[in-house]
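The lines below spell out each chain.
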Amino acid sequence: MAKRKNRKVTAEKSQNAGKHLKANRKYKDTVFRMLFSDRKNLLSLYNAVNGTTYDNPSMLEIVTLENAVYIGMKNDLSFIVNTNLFLYEHQSTYNPNMPLRDLLYIAAEYQKLVDNKSLYSPILQKIPEPNFIVFYNGTEKKEESWVTYLSEAYEDFSGEANLELKVLILNVNEGHNRKLMEECHILREYAQYVAKVRKYTKEMNLDGAVELAVDECIQEGILVEFLRKNKSEVVAMSIFEYNQEEEERKWKESVYEAARAEGRAEGRAEGKAEGKAEGKAEGKAEGKAEGKLQAKKEIVQSLAERGMNLGDIAEIIKVSQKTIQEWLDQK
């Protein structure tokens, strides 16, 4: 009972505090990037992902693409270990365009690495091997991990890609990828913090929910040093991030619904037209079936034009990726 009362008091304090500390719309950073810009935390994450046991944070050369010319495409973390280049990014909403974005990132990074070297030289210019990983903690995807490919974006693609780039996506929501979380306690505690924010946004306003999540994490020993030192920044960034996540989610839902409605309307119209032309019950049935099929095709086309990958479309339409590709090839 006492614990419940304390939580109520804390919630009230957080709601009141939230009235004064609102989202700073100028924030471009994220809590994830802020956490892992610390070399010690970054090395812990690297070791957890790669199964290594390096213990010297100074070995990391952080080359994050700041002030990149690609507006709105700033990656989270980029660093070199043993001549390999790793680009890490955090996402709270799934983005199927990561391979293309990473292609632009790596091109810019390679440009910097060879800026003072001649590419017309007879000597082969060595470059670090790239590795691309996204740490995903959105609510749309439930898989532990998956890989996306640049070739998925190619129009009329068949056969082997002349240019390929693959991105590994790891689900870092609480309860997922447990071994990874055990190896990197900072990542595990970050996931716990995010889970608390999402939990309390269902019970109170966003500002109060973030404040309560921060206070509760400190009380429970979660990211204690980091949150105490950076509380105001974390609160402001979290409010901004969550608002942005919600806005993107609502936009995607509106796109899906608009595509479904458009497909259903066209499908019904076509089904009725064919049914009248046949003049028989069998003809009507065939017309309706064809109308439903056409509706699905229209939805597929609409989602594909909006940049959604085949895997997500297949999940929505409940049709195999092979069939979807055949429909798109017919256009």
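The structure under discussion appears in the preceding block.
Here the structure is a predicted model, which means the values were calculated and not measured. (Residues numbered from 1 in each chain as written. Predicted model: local features only at pLDDT ≥ 70, side-chain atom pairs only at ≥ 80, totals over all residues. Heavy atoms only, no water.)

(A) Layout of unusual backbone geometry. One non-glycine residue with positive phi stands out, namely D156, at about 50°. Along the chain, the position of D156 falls in the loop between β5 (145-149) and β6 (166-171). With a relative accessible area of 69%, D156 lands in the exposed category. If you check the backbone angles, L223 has positive phi at about 50° while not being a glycine. Examined against the element boundaries, L223 turns out to sit in the loop between α7 (206-219) and α8 (224-278). (Helix = DSSP H or I, 4+ residues; strand = E, 2+ residues; numbered from the N terminus. Buried < 20%, exposed > 50% of the residue type's maximum accessible area, 1.4 Å probe, protein only.)

(B) Inspection of a negative patch on the surface at higher detail. On the surface, E155, D156, E326 and D329 cluster together to form a negatively charged patch. Following the sequence through the fold, D329 ends up in helix α11 (residues 321-330). Residue classification places D329 among the partly exposed residues on the basis of a relative accessible area of 45%. (Patch = residues over 30% accessible without salt bridge, like charges linked within 9 Å, V, L, I, M, F, W, Y side chains within 5 Å. Areas by Shrake-Rupley, 256 points an atom, 1.4 Å probe, with all protein chains shown as cover. Salt bridge = Lys/Arg side-chain N within 4 Å of Asp/Glu carboxyl O. Lys, Arg positive; Asp, Glu negative; His and termini not counted. Charge placed at Lys NZ, Arg CZ, Asp CG, Glu CD.)

(C) A look at the nonpolar core. Ranked by internal contacts, the top residues of the largest apolar core, which has 48 residues, are F36, Y88, L187 and Y193. The residues touching L187, leaving out its near neighbours within four places in the chain, are F32, F36, L45, V172, L180 and M181. Grouped together as the second largest cluster of nonpolar side chains are 16 residues, I80, I106, F132 and L165 included. (Core = buried A, V, L, I, M, F, W, Y, C linked by side-chain atoms within 4.5 Å. Contact = heavy atoms within 4.5 Å.)

(D) Quick peek at the pairing of strand β2 (residues 77-81). The element β2 is extensively covered by neighbouring structure, given that five of its five residues are classed as buried. Both faces of β2 are covered, namely the face carrying L77, F79 and V81 and the face carrying S78 and I80. Sheet topology places strand β1 (residues 61-62) next to β2; two bridges connect them, and they run antiparallel. Bridge pairing links I62 to F79 in β2. Pairing of β2 with strand β3 (residues 84-91) involves five bridges; the strand directions are antiparallel. (Pairing = 2+ DSSP bridges.)

(E) Here's a closer look at the sheet that holds β6. In space, the six strands of this open sheet follow the order β1-β2-β3-β4-β6-β5, with mixed pairing throughout. The sheet is open, and its two borders are formed by β1 and β5, each paired with just one other strand. Contacts from helix α4 (residues 98-113) reach β3, β4 (129-136), β5 and β6 within the one sheet, and its direction differs from that of β3 by about 140°. (Axes fitted to C-alpha atoms, helices over the stretch in contact; angles between N-to-C directions.)

(F) Region of the structure containing the pairing of β4. Bridge count for β3 against β4 is eight bridges, and the pairing is parallel. By the bridge assignment for β4, F86 is matched with N131. For the segment spanning β3, α4 and β4, crossover handedness is right-handed. Bridge count for β4 against β6 is four bridges, and the pairing is parallel. In the strand pairing of β6, V134 is matched with I169. (Right-handed = clockwise from strand over helix to strand, strands pointing away.)

(G) The pattern of salt bridges, seen in detail. Under the definition given, this model contains six salt bridges. One salt bridge connects K231 with E211, and the closest N-O pair in it is separated by 3.8 Å. Of this pair, K231 sits in helix α8 while E211 sits in helix α7, and the two are 20 residues apart along the sequence. For K231, a relative accessible area of 29% corresponds to the partly exposed category. Taking the relative accessible area as the measure of exposure, E211 reaches 6% and is therefore buried. A salt bridge links D215 to K231; the shortest N-O distance between them is 2.8 Å. Note that D215 is positioned in helix α7 and K231 in helix α8, a separation of 16 residues in sequence.

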